[in-house]
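Architecture and fold: a report
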Amino acid sequence: AERRFLPAAVRALASEHPVGPASVDLPGIALVADLVGFTPTVVRLDGLGRRGHASLTELLDRSYSAMDSIIGSFGGQTLVRIGDATVAVFPGDDPDDVRRRARQAARSISQLRGDQPDLPSLRVGLAAGLSQLLLVPVGERRVWTLIGDPPALAAQAQTHAAPDSVYEHESVAG
């Protein structure tokens, strides 16, 4: 039952390598979308007790669901959540197509508040290159992560974006 919640790239890697560590190269564009003002929101909602915790869960579920839907509709795949940030990759062999799809997804994510004003603002960063998906044994289970310059540079890029906007690392140019 747990496997259906795994990203497709992780499921494929786990199927090809059922035990031990494994990795796969993912050329393309990494997208990092970070919720703006998340810590103050958590503090405020935490002060409301159970009602606040439920509100926070609902806010995150709606935010993540909206982002994941957009990412998937443009051929990307959400691979990791780091804190309140979503990390996705847009793979492909045609750099122009990958760039177009990633830019469209990033723009749509940055405009989510226009459609749903009660969602938090988002900062979105993009960076291109070779990422690597790792599947690593930890005790009785395996965990996954995404490493490489693109996710790191996309994370840096989003810090330069104004709320509800996109900032592209120079590696995306084209």
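What this report covers is the structure whose coordinates are included nearby. Computed from a predicted structure; not experimentally measured.

1. A look at the overall build of the protein
Looking only at helices and strands, the protein has 6 helices and 6 strands in total. What you see for the protein is a C-alpha radius of gyration of 17 Å, in line with the 16 Å of a compact globule of 174 residues. Considered along the principal axes of its C-alpha atoms, the protein spans approximately 45 × 45 × 25 Å. Considering the protein as a whole, with its 174 residues, one finds that 40% of them fall into the buried category. Contacts in the protein between residues far apart in sequence, at least 24 positions, make up 68% of those at least 6 positions apart.

2. Brief notes about unusual backbone geometry
Phi at Asp164 is positive, roughly 60°, even though this residue is not glycine. Within the secondary structure, Asp164 sits in the loop between α6 (149-160) and β6 (165-168). You can call Asp164 partly exposed: its relative accessible area is 29%.

Basis of the calculations
Residues numbered from 1 in each chain as written. Predicted model: local features only at pLDDT ≥ 70, side-chain atom pairs only at ≥ 80, totals over all residues. Heavy atoms only, no water. Helix = DSSP H or I, 4+ residues; strand = E, 2+ residues; numbered from the N terminus. Rg over C-alpha atoms; globule rule 2.2 N^0.38 Å. Buried < 20%, exposed > 50% of the residue type's maximum accessible area, 1.4 Å probe, protein only. Contact = heavy atoms within 4.5 Å.

So yeah, pure geometry; function would need other evidence.
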